[in-house]
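# Residue-level structure breakdown
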Amino acid sequence: MDIGRNTWQKQLIIDTLKREKNHPTISDLYDKIKAVDDKVGQATVYRNVNKLVEEKKIKRIMTDSGFRYDCDCNDHYHLECNKCGNIIDLYDEKYIRLIRRLEDEYSIKIEESKILFSGICDKCLNYERKSSSIN
Ligand SMILES: [Zn+2]
Ligand SMILES: [Zn+2]
């Protein structure tokens, strides 16, 4: 196996995720990667994505529309928009403190949280407000 190429592909996956910032599905991700490297096979990308998740270098998020991928491994919440389907990052200091407090209180280690809000994103809300003020 060509280790150099695998490392390069993993980096390409991370770079693409960082650039996209919109929590793509694996097939979106593959399309973007193929645009950069047209010789890359789907199975290879899928395998490397799974490896990166195992290595905790990227995150897999379970949403109503399936798995999405995130390069930000810091603790944060997500909102899935019911209108446009976008996944929005939500950061909150209190949330991080809550995790630490629960770990202390129950003597546990929280490795991952899967909190997903569903609602309407800021862009869709703005659009709704604008169109309702016109009518
Ligand atoms: Zn939206
Ligand atoms: Zn995120």
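About the thresholds
- Counting starts from 1 at the beginning of each chain's written sequence and moves along it residue by residue.
- Chain labels run from A onward and ligand labels from 1 onward, assigned in the order the entries are written.
- The predicted origin of the model limits local features to residues at a pLDDT of at least 70 and limits the giving and counting of side-chain atom pairs to 80 or more, whereas totals for whole chains, interfaces and linings rest on all residues.
- An automatic or database domain assignment supplies the residue ranges for each domain.
- The contact criterion used here is simple: two residues whose C-beta atoms, placed from the backbone, lie within 7 Å are in contact.
- In this text, helices come from DSSP runs of H or I with a minimum length of four residues, and strands from runs of E with a minimum of two, each type numbered from the N-terminal end.
- Each axis is a line fitted through C-alpha atoms, and for a helix only the stretch in contact is used; angles between axes span 0 to 180 degrees, taken between their N-to-C directions.
- Here roughly perpendicular refers to angles of 65 to 115 degrees, roughly parallel to angles under 35, roughly antiparallel to angles over 145, and oblique to all remaining angles.
- By convention, the crossing between two helices is left-handed when the near helix turns anticlockwise from the far helix through less than a right angle, and right-handed when the turn is clockwise.
- When residue character is reported, Ala, Val, Leu, Ile, Met, Phe, Trp, Tyr, Cys and Pro are called nonpolar, Asp, Glu, Lys and Arg charged, and the others, Gly included, polar.
- Two strands pair under a simple rule: DSSP has to find at least two bridges between them.
- Only buried residues count toward a nonpolar core: Ala, Val, Leu, Ile, Met, Phe, Trp, Tyr and Cys, linked into one set through C-beta atoms within 7 Å.
- To sort residues by burial, count the other C-beta atoms lying within 10 Å of each one's C-beta; a count of 20 or more means buried, 12 or fewer means exposed, and anything in between means partly exposed. C-beta atoms are built from the backbone.
- Every helix has an expected span of 1.5 Å times one less than the residues it contains.

### Points about the domain arrangement of the protein
In terms of domain boundaries, the protein breaks down into domain 1 (1-72) and domain 2 (74-135). Relative to domain 2, the C-alpha centre of domain 1 lies at a distance of 23 Å. Contacts between the two partners involve 9 residues from domain 1 and, on the opposite side, 11 residues from domain 2. Ranked by residue count, the leading element in the side of domain 1 that touches domain 2 is strand E1 (residues 59-63), at 3 residues.

### A short note on the packing of helix H2 (residues 26-36) against helix H3 (residues 42-54)
Between H2 and H3, whose axes approach to 10 Å, the crossing angle comes to 120°. Of the possible angle classes, the one that applies to H2 and H3 is oblique. Here H2 runs over H3; the crossing is right-handed. From H2, Ile26, Leu29, Tyr30 and Ile33 reach across to H3, where they touch Gln42, Val45, Tyr46 and Val49. The residue makeup of the contact of H2 with H3, split by class, is 7 nonpolar, 1 polar and no charged.

### Section: the pairing of strand E4 (residues 87-90)
Pairing analysis gives 4 bridges linking strand E3 (residues 77-81) to E4, with the strands arranged antiparallel. The partner of leucine 79 across the bridge, within E4, is isoleucine 88. Where E3 folds back onto E4 in an antiparallel hairpin, the turn is made up of 5 residues, including glycine 85, whose phi is positive at roughly 80°.

### Some remarks on the nonpolar core
Nonpolar side chains in soluble globular proteins tend to end up buried together. Listed in full, the 10 residues of the largest apolar core are Ile13, Leu17, Leu29, Tyr30, Ile33, Val45, Val49, Leu52, Ile58 and Tyr69. If you list the elements that add at least two residues to this core, you get helix H1 (3-20), H2 and H3. Sequence-distant contacts of isoleucine 13, that is, excluding residues within four places in its chain, are made with Leu29, Ile33, Val45, Asn48, Val49 and Leu52.

### Some thoughts on helix H4 (residues 93-106)
Between its terminal C-alpha atoms H4 stretches 20 Å, which fits the 20 Å expected from 14 residues at 1.5 Å a residue. Of all the 14 residues making up H4, 0 are buried; the element is thus mostly uncovered.

### A look at the sheet that holds E3
Strand order in the open sheet formed by 3 strands is E4-E3-E5, and the pairing between neighbours is mixed. Of all strands in the sheet, those with a lone pairing partner are E4 and strand E5 (116-119), marking the two edges. Neighbour-to-neighbour, the strand axes of the sheet open up by a mean angle of 30°, direction not taken into account.

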